[in-house]
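Residues per chain are reported as follows:
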Amino acid sequence: MTVASEKPGEPDSILDFIFQRCLFDSPNVDNHGPYAPPLCKQRTTRHEAYNTLRAICESNIRDLEHVFALLQQQNQYDKQHKVWNFLPATNMRAHGHVGLRNQGCTCYMNSLMQQLFMHQRFRYNLFETEIPKPKGDTKKVEEPLIFQLQTLFGFLQESQRRFVDTAHFCDAYKVDGKPVERHIQMDVDEFFAQLFDKLENALKGSNKEEILKEFFGGSVCHQVISRECEHVSEREEGFYSFSLVLQGKRTLAESLSAFVEGDVLDGENKYFCEGCKAKVAALRRDCLLNLPSTLVIHTKRFEFDLELMRRIKVNDLYEFPLKLNVEPFTKEGLERREKQKNDGKEIPPAHPPSHYDYDLEGIVVHSGSADSGHYYSFIRDRDSSQWFQFNDSVIEPFNVDSIPSQCYGGDETSQVWDPQARKWVTKTCSKHYSAYMLFYAKSDVEYPMMLKTPSDLVPRDIYERVWHKNENFMWQQSIFDPEYFSFVWDLVMHVEKLPQEEYSRLAMPAIQLATCFLVNTLSRAKERENLGTYTKQLQGMLSRNIPACTWLLRFFEEQPKLLKVLLLLCQYDDVRANAVDLFMHVLRTLAPGAVFEMWVEEPQLSKEEAEDMEVDESDRKAVTNPIVYEHTGRPKSVLVRFMDTLLDMADDLPDNWRNFEQYFQLFYEFASIGPDQRRYLLKRRVMARFIDIFLAEKSPYAEFSKKRNRGKMGDKATQPEFGHMVGMCAVLVKNGDLQRDFDEVDLEIVKHQEFFSKSLYNNVNMNALCDLVAVFCTSYSFSKDLLETTKQGMNSVNASFMQPYFQILTRVLAIEDQRQSDRTKIGYRLLKFIVEENTKHPKIVAEVFKYVRDTAVPRLPLLRAIFWQHAHLFQEYTYFAQGETSELELLHGATRSMLQSLVPPAAPVAEGKQPPEPSEESVHALLAELLEHVADAKAQLPKVGEDQTGDHSSQIAEFLRLIRWCIRSSAQKQLVLQHADELLDLFSTIDGLKNLMDKNKLELVQLLLDAVRVCPEFKAKLLADDYVTSKLLHTYIQIDSAVPASITYNEAATPPFYELVHLLCKADEHTLRSVVTHQNFSWAITFVYLKNNFQKAGELIEDVLRMYCTSPASAAFRKERIAKFVEYDFRDDLETKPVAFMRYIGILLQSNEDRIQFCTTPSITTPRVTPFLKLAQALVDRQWKGGALETWAETMQNACQCLITAQSESTIHSENIGPSVILKDVCAGVATELCNTVTYDAAWSRLWDNLRLVLETLTSINKHCLAVVVCKLRDWFKEQFDKGAEPYVPDPFYDMCLSVASRAAMLPVSARRPSPSAAGIDLALLLACINMTKDVLDLLFWCVDQPSTSEFVVFSDCLIFFLSHCFGIGITQMGQPHVDVFLKRVVPQVPAPAPQVVQNLAVHVKQSLADFTACEQGDTKLASAASYLNSVAVAVDIVCGNPNFFVLVKAQVRRELGNLTSQELCQQVGAVLQGKRQADFQLCIANVTSMLSDNEEGKTKI
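A. Quick look at the overall build of the protein. Broken down by element type, the protein carries 70 helices and 22 strands. Here the contacts in the protein between residues at least 6 apart in sequence split such that 74% fall between residues at least 24 apart.

So, in structure tokens, the structure goes:
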């Protein structure tokens, strides 16, 4: 149910009660506290109040209209908060205290002011200080410092805001007659002294003249005590704070002891005693005389370092107590101790102990260094004893237990990442934050009882000021609330749902409220995420209401200040953007109807009114400024007046350059609406006016606007955004007639070269600027001027800022008319000038060449032709040598790619198609010129032996790459051949420099390789001169594995080099022999082929080696190489490239003699250790480190191939291979690896093939290897069965294990343990558990029949596994002939069957009977149940062969079936068989009979 107010607007109406009393009344100076308004303070109650108001308004149009009026008053411009991003909830007083705003560098002031304010009695007395009224102007009452301090303390005590502004106090605090500089940091102790000095002077003559001394004043006594007489000289000095030395002291007590310790005056420094009139030895010291109520201690954290000659901060650890007793440091305390020492008896203090006790009340902390830093305070609230941190505007609770860590200074540890150690390490460093000033309050001070409340003590005028601001702030809390935002907008949008009559009545008030709400309230709120959505909805309402659009423009026209705030003063882009969207929507909506009245102006002022207008003579020049439109009257159109209002803000643009982007956007979009709008802008000379602002002092009309603001726009980080302004100019120019629509002022300034120069320099909206160029450059004179401007601009910027100039240049040169050729020539000269003028700046030249390549070649054919015509002028830049290496590489590459792109194509380029091959004739010409420059390129390199300055390793790389690119046909091959000597001489020069990573050499090797590939004559020249061995193999190659760049370089450099060697070796046998036997080729084998992962180069070296080793002449070479393996430690090679190393061995083992040598030649240092054994052991050692599976498999295959080959020789036997211990290790490792990698995929199949080869080879020639392998396999299978899971054994693995088991089982019986024969039988039994194949059972049957191995079968632990399997999960295999025969042979000999076997069989008996019983006649499962029962019966029949076994089985069966007797069992079986077709189950009946009957009588009954 909704309740509507019958008389809205009356104070006693329900609506006004809820609106005012419940929601929007605020506390005030006379009514504040817990019971102050509004009545609804909690979020829940306010939510319900809003809902109630919403319901009332939606049910009654009169109430809605009344609430609109109330809300309209709340959302007026002059009533709102004047800051942006406002969120009152985060600006509330925190923890009962108020912070201070930092004015820039006033943290020192804030930290001290909070300490003074928190001293309650000092604050209260300051409030009671009467300030005499100054004579004269009463407006200066607020100037005295005391008044501003009272005001500041009044706000700190009474304000409801989070922080207070100290601007007025800073203005009142004068230094040298001027307000304190807010952006200069000051030492807080120095400020403390200055402040108290100023306050002392200001308080003179007031009623509280002594309050500083009362609360902070103390005194020290400077004593000189004679040691030769009784005279003592004393001088008292007052203080508000005193300083203690910190350096070299660990505690406050140590500093105080040093303070009173004093100095001895003796010798030449004796003191002249006035009483004795003579120099005497004396003690000079200081001590506390009168103790202050509040003791302020300044710790000297800053000292002057005489060695460094600068001020430093002492970050040493310095401890101070929460309670301090200063009696030992007072005059009476020192005298008491001295007298006590002299008299030898205890003397009580002059005052009670509490007189000397102080409690720590505040700490001022400095964080930073001696040059810069930050101050903040820790203060104890005397009422609650709670500590707080006062850090400018932020106040947070502070734990007093954290004082040591936060205030003592010293060292701290932190975890930092060490990139070299690649781990987190603990780092110790000095704390940069520590206590600087300490505030101690005397413990025994008792103040008189306060007769007034703290609020009553605040001067009334200050109190009222504070509460006036509090009232406004509390009201803002109600307004800047998301709940309020939703409420207002819900009511606005409710109007859209009203019937037409009611809608017509409330549409205008709703739009007016929505407008004021958006621009005055929501746009200033921090929580304005709905601003864009609401603006769009308001635009929808305006679209249907033309009068409202007119009202909106008039509303802002009449409030120009509000318009300026929205578009210029607001610093938030989203607010300005939404404002522009709103205005443009209105302007577009009104545009059609505004056409006819846009230029109608109301009459000019009357003569009398004109006479009343006085114009200052100094302003007349500005009034007649030609770029400013002179109004002849007041425009009748509100649209024009609105735009004029916007134009009136133009003079404020320089001051607001950070925010004027959206201002120009509005004019750009306005110009895009239509011709009338553009005509308005031209008539108002908007283009000229804006460009004048853009050009500032360089404007051609600068002299007419000196009184206007010409402030500098932009800073180092940000430049003003003029893109939309240039865009507006482009729209006006493109859509207008230059002769008809534009006057001279507009044309002069928009075509002014300074406008284009500055736009280019600042990269302002290049698309729009190009549009202007396209229009104006139809004039050849203008295009010449613009090209000159472009040239000057390009020559004044660095490489990264050249793109705008290139864009303009392209647009100018692309204009197709009769002067295009002339402009292109100018453009070429421009670019050539930039190149020649910037030879010391390679990056700039590179940018020019990239422009020619990427833009001129595809888009400017005339410019391309000119550059190709003069290409010879730019070839030298492929090896140009002035500048930084990185910049030169960029230049060389850009030059090379440009010259390639300039070569004319062999055929015209079809649009959208790939460019055809370059013209053969042009390429030939280019190559001929390049080859003529080889000597010049060589001259850029240092001579061999000279000191090298700089990096020349890439100096001519791009030059050589360009030559390579040109070698395309036989004609070019002949050119290269003609210059072969020069190229080879260049190679010798480059190689002689011995650069670690020489890109020149890389490119030259590639060039020589290309020449050898395509030019047989060049190859023949190299071979004829024996160039390979005399020069090429002596090439300097260095591989530094510690330098990643070296590895990367050699990965690219070694393949072409060794391919060149490979081609030459392939062409000539003499060269091949010379290369392979050369010492540098041996180095290449080791360091390129074997030790580094240079795959391509390694393959080439391997092929060269293979070519030679397969020839008969290489026998001696191979023998020498194999002999080196005996003493060679090749484990590192196996770690790096195992496959390559094994292929290397395979290449060397070409003959039987090679293989015999490899497998049998022993080491001198380790007899009987052959290269093969070293290799095999190294492979195993490597695999245990986790090598790649497939690589290791291939390596093993190659290794075993050597052994098999050697084994085929009659001279090779096990004793020749080497010690069996090494072979056993190898076999054990291989077998283990085999078992650990059992899987059935392609990789495992390859591995299994290789391992089988290893094992079969080794076990076939060495029985010790066979024993090791069979034991390893057996143990692995047993381990798998012990885990309770049958191992996965693929067929290949099964066959291999069976082969090993067969050979081991058939070995002669040995007394050694473990016996290979026994292990082989065990392995066979375990294999039978997996699959009872005929082969494995035949092997076992053979073993049982052999007297020497029979007992191995019967007494094997693995037999139990097998029987458990047979009578367990393998029960279904019972009845197969080879299974039954073997079991009937073995079971009778088993001495003691395992319980598990018995249990398995008994369970099967029970289960088989149960399954069979459950089947009815004709059941589909009957056959399988009968088969299962037959298998069980066969198993029982086999068991009957062993009496001991059978007794245990029958007993277990009875237990499983309920302990029935044999007769009962027979009867049960009979019942089972009854009704079944007995003819089909005769064997089943017989087997069950034998299973259940233990005598002939039982069988008869069955």
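B. The environment of glutamate 210, seen in detail. For glutamate 210, the position within the fold is in the loop between α8 (188-203) and α9 (211-216). Since its relative accessible area comes to 45%, glutamate 210 is described here as partly exposed. On a C-alpha basis, the gap between glutamate 210 and glutamate 200 in space is 8.3 Å, while along the polypeptide they are ten residues apart.

C. A look at the sheet that holds strand β11 (residues 282-290). Strand order in the open sheet formed by four strands is β6-β5-β11-β8, with antiparallel pairing between adjacent strands. Each edge of the sheet is formed by a strand with only one pairing partner; in this case those strands are β6 (232-239) and β8 (263-265). In this sheet, neighbouring strand axes are inclined to one another by 25° on average, regardless of whether the strands run parallel or antiparallel. Looking at chain direction, strand β5 (residues 218-226) and β11 are connected through eight bridges and run antiparallel. Its bridge partner lying in β11, serine 226 is registered against alanine 282. In this fold helix α10 (residues 252-261) packs onto β5, β8 and β11, with an angle of close to 125° to the strand it touches most, β11.

D. Seen up close, the packing of aromatic side chains. On inspection of all chains with the given rule, the structure shows 56 aromatic pairs. Between phenylalanine 117 and phenylalanine 153 the ring centres are 5.6 Å apart and the planes differ by 65°, which places this aromatic pair in the edge-to-face class. With phenylalanine 117 in helix α4 (residues 107-117) and phenylalanine 153 in helix α6 (residues 145-158), this pair connects stretches of sequence that are 36 residues apart. Ring geometry for tryptophan 489 versus tyrosine 534: centroids 4.5 Å apart, planes at 10°, classification stacked. Pair noted here: tryptophan 489 is in helix α15 (residues 482-494) and tyrosine 534 is in helix α17 (residues 531-543), with a separation of 45 residues, a long-range link. The same class applies to tryptophan 489 as to tyrosine 534, namely buried. Over the aromatic face of phenylalanine 694 sits the side chain of lysine 758, whose NZ or CZ is 5.0 Å from the ring centroid.

E. Local environment of the nonpolar core. Counting residues in each nonpolar core, the largest one holds 252 residues, and the members touching the most others are Tyr663, Phe690, Phe755 and Leu831. For leucine 831, the contacting residues outside a window of four places in its chain are Met794, Phe806, Leu809, Val848, Tyr851, Val852, Leu863 and Phe867. Counting residues in each nonpolar core, the second largest holds 59 residues, with Cys107, Ile146, Leu149 and Phe191 among its members.

F. Looking closely at helix α24 (residues 661-671). The element α24 is largely enclosed, with a buried count of nine among its eleven residues. Within the sequence span of α24, burial applies to Gln662, Tyr663, Phe664, Gln665, Leu666, Phe667, Glu669, Phe670 and Ala671.

G. The arrangement of the state of the cysteines in detail. Taken as a whole and assessed by the stated rule, the structure comprises zero disulfides. This cysteine, cysteine 276, is not joined by any disulfide, and cysteine 229 carries the nearest cysteine sulfur, 3.5 Å off. Given the relative accessible area of 35%, cysteine 276 is considered partly exposed.

H. Spatial organisation of the pattern of salt bridges. By the definition in use, this model includes 51 salt bridges. For arginine 54, the salt bridge is made with aspartate 490, and the minimal N-O distance between the two is 3.3 Å. Here aspartate 490 lies in helix α15 and arginine 54 lies in helix α2 (residues 43-59), a separation of 436 residues in the sequence. A residue is classified by how much of its surface remains accessible, and arginine 54, at 13% relative accessible area, is buried. On the basis of relative accessibility, which here comes to 35%, the residue aspartate 490 falls in the partly exposed class. Of the charged contacts in the structure, one is a salt bridge between arginine 588 and glutamate 669, with a shortest N-O distance of 3.1 Å. You can see arginine 588 sitting in helix α20 (residues 573-594) and its partner glutamate 669 sitting in helix α24, a full 81 residues away along the chain.

I. Here's a closer look at the environment of alanine 1402. By the secondary structure assignment, alanine 1402 is in helix α65 (residues 1395-1414). On the accessibility criterion, alanine 1402 (0% relative accessible area) is buried. As a C-alpha pair, alanine 1402 and valine 1436 span 34 residues in sequence and 9.3 Å in three-dimensional space.

J. Summary view of the packing of helix α16 (residues 500-521) against helix α18 (residues 546-557). One can describe the packing of α16 onto α18 by two numbers: an axis separation of 10 Å at closest approach and a directional angle of 40°. The crossing of α16 and α18 is right-handed. Between α16 and α18, the residues in contact are Met508, Ile511, Gln512, Thr515, Cys516 and Val519 and Pro547, Ala548, Trp551, Leu552, Phe555 and Phe556, respectively. Its residues assigned to classes, the contact of α16 with α18 comprises ten nonpolar, two polar and no charged.

K. Structural view of the environment of glutamate 274. Here glutamate 274 lies in the loop between β9 (271-273) and β10 (278-280). Looking at glutamate 274, its side chain comes within polar contact range of the side chain of lysine 277, at 3.5 Å.

L. Inspection of the packing of helix α42 (residues 999-1014) against helix α45 (residues 1044-1067) at higher detail. The interhelical angle for the contact between α42 and α45, taken along N-to-C directions, is 30°, at an axis separation of 9 Å. The angle between α42 and α45 falls in the class roughly parallel. Between α42 and α45 lies a crossing of left-handed hand. For the pair formed by α42 and α45, the contact residues are Lys999, Lys1001, Leu1002, Val1005, Gln1006, Leu1008, Leu1009, Val1012 and Arg1013 on the first element and Tyr1049, Ala1052, Ala1053, Pro1056, Phe1057, Glu1059, Leu1060, Leu1063 and Leu1064 on the second. For the contact of α42 with α45, the residue count by class is 13 nonpolar, one polar and four charged.

About the criteria used
Residues numbered from 1 in each chain as written. Predicted model: local features only at pLDDT ≥ 70, side-chain atom pairs only at ≥ 80, totals over all residues. Heavy atoms only, no water. Helix = DSSP H or I, 4+ residues; strand = E, 2+ residues; numbered from the N terminus. Contact = heavy atoms within 4.5 Å. Buried < 20%, exposed > 50% of the residue type's maximum accessible area, 1.4 Å probe, protein only. Pairing = 2+ DSSP bridges. Axes fitted to C-alpha atoms, helices over the stretch in contact; angles between N-to-C directions. Phe/Tyr/Trp six-rings, centres within 6.5 Å; stacked < 30°, edge-to-face > 60°. Lys NZ or Arg CZ within 6 Å of the ring centre and 35° of its normal. Core = buried A, V, L, I, M, F, W, Y, C linked by side-chain atoms within 4.5 Å. Disulfide = S-S within 2.5 Å. Salt bridge = Lys/Arg side-chain N within 4 Å of Asp/Glu carboxyl O. Left-handed = near helix turned anticlockwise from the far one by under 90°. Nonpolar A, V, L, I, M, F, W, Y, C, P; charged D, E, K, R; others polar. Polar contact = N/O pair within 3.5 Å; in protein donor to acceptor, adjacent residues only side chain to side chain. Parallel < 35°, antiparallel > 145°, perpendicular 65-115°, else oblique.

Any functional reading would require information that these geometric values do not contain.
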